[in-house]
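Examining the three-dimensional arrangement
Okay, here's what each chain looks like letter by letter:
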Amino acid sequence: MARIAGINIPMNKHVVIGLTHIFGVGRSRAKAICETTGIKPTTKVKDLTEVEVNSIRSALAKAAVEGDLRRENSMNIKRLMDLGSYRGMRHRKGLPVRGQRTRTNARTRKGPRKTIANKKK
């Protein structure tokens, strides 16, 4: 397996698809990387030479991927929480951040329902 940005890229896949296994690289960025490095997107990963793999690594070094991107995302959320902004408070409480309703729905953020037993008279 070719190891790029700390991720093992599957050998039997095309380069464009294999690069999407890296966090922060989607189809459009993978196509752009293939374009800048001069590698055909339909080339299989197992057919890449060491020079081509190194050129992909250098192209990826310019963008934030994997650990750096995850760290950047978590720092952005932490900054919102430290500021005490509305979005930060929603993150802290585990509620929807982008204005969705919470009276119904929002089960993904709130988790499973907590049923309360009815009192009998």
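Anything mentioned here points back to the structure above.
Reference entry: report on the structure contained in this document.

Parameters at a glance
Residues numbered from 1 in each chain as written. Predicted model: local features only at pLDDT ≥ 70, side-chain atom pairs only at ≥ 80, totals over all residues. Heavy atoms only, no water. Core = buried A, V, L, I, M, F, W, Y, C linked by side-chain atoms within 4.5 Å. Buried < 20%, exposed > 50% of the residue type's maximum accessible area, 1.4 Å probe, protein only. Helix = DSSP H or I, 4+ residues; strand = E, 2+ residues; numbered from the N terminus. Contact = heavy atoms within 4.5 Å. Expected span 1.5 Å × (residues − 1). Phe/Tyr/Trp six-rings, centres within 6.5 Å; stacked < 30°, edge-to-face > 60°. Lys NZ or Arg CZ within 6 Å of the ring centre and 35° of its normal.

Some details on the nonpolar core
Counting residues in each nonpolar core, the largest one holds 19 residues, and the members touching the most others are I4, L19, I22, I56 and L60. Looking at this core, the elements with two or more residues in it are β1 (2-4), α1 (15-19), α2 (27-37) and α3 (50-61). Considering every element that reaches this core, the biggest residue donor is α3, with four residues. Among all residues touching L19, those that are not within four sequence positions of it are I4, I9, V25, A30, I33, C34, I56 and L60.

Here we look at α3
Taking 1.5 Å of rise per residue, the 12 residues of α3 would be expected to cover 16 Å, and the 16 Å separating its terminal C-alpha atoms lies within 8% of that figure. Considering only its buried residues, α3 is in contact with β1, α1 and α2.

Side note on the packing of aromatic side chains
Here the structure, examined in full by the defined rule, presents zero aromatic pairs. Above the face of the F23 ring, R70 is positioned so that its terminal group lies 4.0 Å from the ring centre.

Quick look at unusual backbone geometry
For E66, which is not glycine, the phi dihedral falls at a positive 50 degrees. Along the chain, the position of E66 falls in the loop between α3 and α4 (67-83). Of note in the backbone geometry, N105 takes a positive phi value of approximately 65 degrees without being a glycine.

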